[in-house]
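An overview of the molecular structure
These are the residues of each chain, in order.
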Amino acid sequence: MQKVRIHSKQMIAEKTEGKEGSNLNGAPKLYIETYGCQMNVNDSEIVAALLQNKGYGITKEPADADLIFINTCSIRDNAEQRVRGRLDVFKQYKKKRPELVVGVIGCMAERLKEQLLVEEQTVDMVVGPDAYRDLPQLIHMASAGQKAVNVHLSREETYADIQPVRMDPGKVSAFVSIMRGCNNMCAYCVVPYTRGGERSRDPQTILKEISILEKENYREITLLGQNVNSYQWNIGGQNIDFPDLMASIARQFPGIRIRFSTSHPKDLSDKLLETIAAYPNLCRHIHLPVQSGSSRVLKEMKRGYSREEYMKRIESIRRILPEASLSTDIIAGFSGETEEDHRETLSLMEWAGYDFAFMFKYSERPGTYAARKLKDDVPEEIKTRRLNEIIQLQNKLSAASKKRDRDHIFEVLVEGTSKRSDKELFGRTSQNKVVVFPKGNNQPGDLIHVKIVRSTAATLIGERV
Ligand code: SAH
Ligand code: SF4
Ligand code: F3S
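Residues numbered from 1 in each chain as written. Chains lettered and ligands numbered in written order. Predicted model: local features only at pLDDT ≥ 70, side-chain atom pairs only at ≥ 80, totals over all residues. Heavy atoms only, no water.

Concerning the overall build of the chain
Broken down by element type, the chain carries 14 helices and 21 strands. Computed over C-alpha atoms, the radius of gyration of the chain comes to 22 Å, within 12% of the 23 Å expected from 2.2 N^0.38 for 465 residues, which places it in the range of a compact globule. Seen through its principal axes, the chain has C-alpha atoms that stretch 60 × 55 × 55 Å. A total of 465 residues make up the chain; the buried ones form 58% of that total. In the chain, 72% of the contacts between residues at least 6 apart in sequence involve partners at least 24 apart. Of the roughly 19500 Å² of accessible surface on the chain, 51% is carried by carbon and sulfur atoms. Taking the 69 positively charged and 62 negatively charged side chains of the chain as two groups, their mean positions are separated by 2 Å. (Helix = DSSP H or I, 4+ residues; strand = E, 2+ residues; numbered from the N terminus. Rg over C-alpha atoms; globule rule 2.2 N^0.38 Å. Buried < 20%, exposed > 50% of the residue type's maximum accessible area, 1.4 Å probe, protein only. Contact = heavy atoms within 4.5 Å. Areas by Shrake-Rupley, 256 points an atom, 1.4 Å probe, with all protein chains shown as cover. Lys, Arg positive; Asp, Glu negative; His and termini not counted. Charge placed at Lys NZ, Arg CZ, Asp CG, Glu CD.)

Overview of the sheet that holds strand β18 (residues 424-429)
Judged by pairing direction, the barrel is mixed, and its 5 strands sit side by side in the order β17-β18-β19-β21-β20 before closing back on the first. Neighbour-to-neighbour, the strand axes of the sheet open up by a mean angle of 50°, direction not taken into account. In the sheet, strand β19 (residues 434-438) pairs with strand β21 (residues 460-464) via 2 bridges, with the strands oriented parallel. Each residue of the ladder has a partner; that of V436, found in β21, is I461. (Pairing = 2+ DSSP bridges. Axes fitted to C-alpha atoms, helices over the stretch in contact; angles between N-to-C directions.)

Structural notes on the site of ligand 3
Close to ligand 3 lie C37, N40, T72, C73, S74, I75, C107, V191, R195 and Q226, which account for all nearby residues. Under a 2 Å grid-point criterion requiring more than half of the atoms, the pocket assigned to ligand 3 is the largest cavity. Among the residues making up the shell around ligand 3, the classes are represented as 5 nonpolar, 4 polar and 1 charged. Each of domain 1 (10-150) and domain 2 (168-283) gives at least three residues to the shell around ligand 3. (Near = heavy atom within 4 Å. 1 Å grid on protein atoms, 1.4 Å probe; cavity = no way out; pocket = protein on both sides within 12 Å on 5 of 7 lines; lining within 4 Å. Sits in = over half its atoms within 2 Å of the grid points. Nonpolar A, V, L, I, M, F, W, Y, C, P; charged D, E, K, R; others polar. Domains from an automatic or database assignment.)

A word on the site of ligand 1
Taken together, 16 residues are adjacent to ligand 1, and Q226, P289, Q291, D329 and S363 come closest. Q291 has a polar side-chain atom sitting 2.7 Å from an oxygen atom of ligand 1. Protein burial of ligand 1: of its 540 Å² of free accessible surface, 95% is covered by the chains. Judged by its atoms lying within 2 Å of the grid points, ligand 1 is housed in the largest cavity. Within the residue set of the shell around ligand 1, elements represented by two or more residues are β15 (325-332) and β16 (356-361). Taken together, the residues of the shell around ligand 1 break down into 6 nonpolar, 4 polar and 6 charged. When residues are assigned to domains, the shell around ligand 1 turns out to be shared by domain 2 (168-283) and domain 3 (285-401), each giving three or more. (Polar contact = N/O pair within 3.5 Å; in protein donor to acceptor, adjacent residues only side chain to side chain.)

Here we look at the layout of surface pockets
Size it by volume and the second largest pocket reaches roughly 330 Å³. If you go around the second largest pocket, you meet 17 residues; those closest to its centre are R257, P280, R284, E411 and S430. Considering only residue class, the lining of the second largest pocket consists of 7 nonpolar, 5 polar and 5 charged. For the lining of the second largest pocket, the domains that each give at least three residues are domain 2 (168-283) and domain 4 (409-464). (Points joined across faces, edges and corners; volume = space filled by probe spheres on them.)

Considering the sheet that holds strand β10 (residues 220-224)
Spatially, 3 strands are ordered β7-β10-β13 in an open sheet, and the strand pairing comes out parallel. Edge positions in the sheet fall to β7 (173-177) and β13 (257-261), since each has one partner strand and no second. On average, adjacent strands in this sheet sit at an angle of 25° to one another, irrespective of strand direction. Sheet topology note: the β7/β10 ladder contains 5 bridges and is parallel. Looking at β10, one finds that V176 is bridged to L223. Against the sheet, helix α8 (residues 242-252) engages β10 and β13, with an angle of about 160° to β13.

A look at the pairing of β16
Among the 6 residues of β16, 5 are classified as buried, and the element is accordingly described as predominantly covered. Strand direction decides the pairing type here: β15 and β16, joined by 6 bridges, are parallel. Looking at the pairing, A332 lines up with K361 of β16. The β-α-β motif built from β15, the intervening helix α12 (residues 339-352) and the parallel element β16 has right-handed crossover chirality. (Right-handed = clockwise from strand over helix to strand, strands pointing away.)

Quick word on the domain arrangement of the chain
In terms of domains, the chain is made up of domain 1 (10-150), domain 2 (168-283), domain 3 (285-401) and domain 4 (409-464). Here the C-alpha centre of domain 4 lies 30 Å away from the C-alpha centre of domain 3. Summing the contributions of domain 3 and of domain 4, the shared interface buries around 430 Å²; its carbon and sulfur component is 43%. With a closest N to O distance of 3.2 Å, K433 and D355 form a salt bridge. In this assembly, domain 3 and domain 4 are joined by 4 residue pairs in polar contact (both at pLDDT 80 or more). Across the side of domain 3 that touches domain 4, the residue classes break down as 2 nonpolar, 3 polar and 2 charged. (Buried area = accessible area lost by both parts, 1.4 Å probe. Salt bridge = Lys/Arg side-chain N within 4 Å of Asp/Glu carboxyl O.)

Examining helix α11 (residues 307-320)
The terminal C-alpha atoms of α11 lie 20 Å apart, and with 14 residues this matches the ideal 20 Å at 1.5 Å per residue to within 8%. Of the residues making up α11, those classed as buried are R307, Y310, M311, R313, I314, S316, I317 and I320. (Expected span 1.5 Å × (residues − 1).)

Some points on the environment of V436
One can find V436 in strand β19. In this structure V436 comes out as buried when scored by relative accessible area, which is 5%. For the pair V436 and N229, spaced 207 residues apart in the sequence, the C-alpha separation amounts to 33 Å.

A look at the pairing of strand β20 (residues 447-455)
Here strand β17 (residues 409-417) pairs with β20 via 5 bridges, running antiparallel. Looking at β20, one finds that F410 is bridged to V450. Note that β20 and β21 share 5 bridges and pair antiparallel. When the sheet's bridge partners are listed, I452 is paired in β21 with G462.

As structure tokens, this is what we get:
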């Protein structure tokens, strides 16, 4: 998900002011607004597919919709507050059109369940991430004036047979979910509660989805899972792990770039790194969330690795994939974090020299291990100060990373016209860095070679070679 790089990883909101009016003729229309991670973006595409198959149209205009869904995120409190703000806006729509159905789907629906119906009068439907196949029936109930809820979590559901509806045709890059849920139970994290246990998707259905994307001219796919390294599938007694899956995709689709997210450090194997090294279309970028540089805090977080073990993983990346870029996620001010722990985070960042990072203030989530057993005892102003120090250091590291790229030549996948000038295009390197360069005769989807000549805070500036 191409995201705002600093605080709000993964916050995607479509701006939605528009004309009023309802669709009384023809197919009923769905408007869907998505918050949260890439997985949620892909889930919205699955929901759109499920409803399109039942005769719904998709609209980008909430004022035109018969059905409004907010696909929600619970990862931090501010993610939930934004959704509540949007519900206030949709309340106004409903005042004018009482027949409008408003549904909250995704992680916040799963976390709050029926309670959401009590707290938010605007909401007619509450549907968790594993219950989307039930949507047609739930919509039927809600349209008849009943409140409709399904927050059942499944051990099997992967929506393997659903070909997602891509909301922005013309893009060169698409998401493909390869697994759902998470078994890790990191102390701070709500995801195992909102998404349930881990399950992998049948590799045949993954390959089929990618071959359809290839025919539709997609040139890059990102394989999604909360912990892709624990992908497992058994066919006829033979086990397929994540590196095996990557290798078969790389071989079958040599013209498509492949990315993945997210790798858990405790499960990142040399086999995966060697597989990436063996195929040029597997992208040279590893996102390896560290969360903290202090072994003591990592233990409290139940991450399953120490500072030293994490550093060993980075050494393996540098050895096996020296041209790879490295990014991370960091939480500032977790329960019990001392100044000394915080300095260890800064020193680890400096040592790793991350190319980019997503950085967050710790937000206690009800029901998690940390909420039940640990005290959220770092004062807000100290969390803010530590986060700012982390961001400042990352800005310096990101600038250094871009400087290192100067005079180097990269293969760039052209994505579109630059926001700053229609005489320029932008694209991404295998390392996931954005490059802007003069237009020439290229089109989105082309792979070209670009030499980096300079950089700004956010972007590399290049010229074609
Ligand atoms: N499965 C992915 C993470 C998904 S959540 C992984 O383990 O890497 C994305 C990021 O949000 C996490 O890496 C973490 O940095 C952050 N995060 C999760 N819970 C949080 C919380 N309670 N407060 C602040 N940040 C949190
Ligand atoms: Fe959350 Fe940890 Fe699972 Fe990531 S690995 S989703 S941080 S519990
Ligand atoms: Fe948010 Fe759920 Fe993703 S909590 S980060 S939308 S898995």
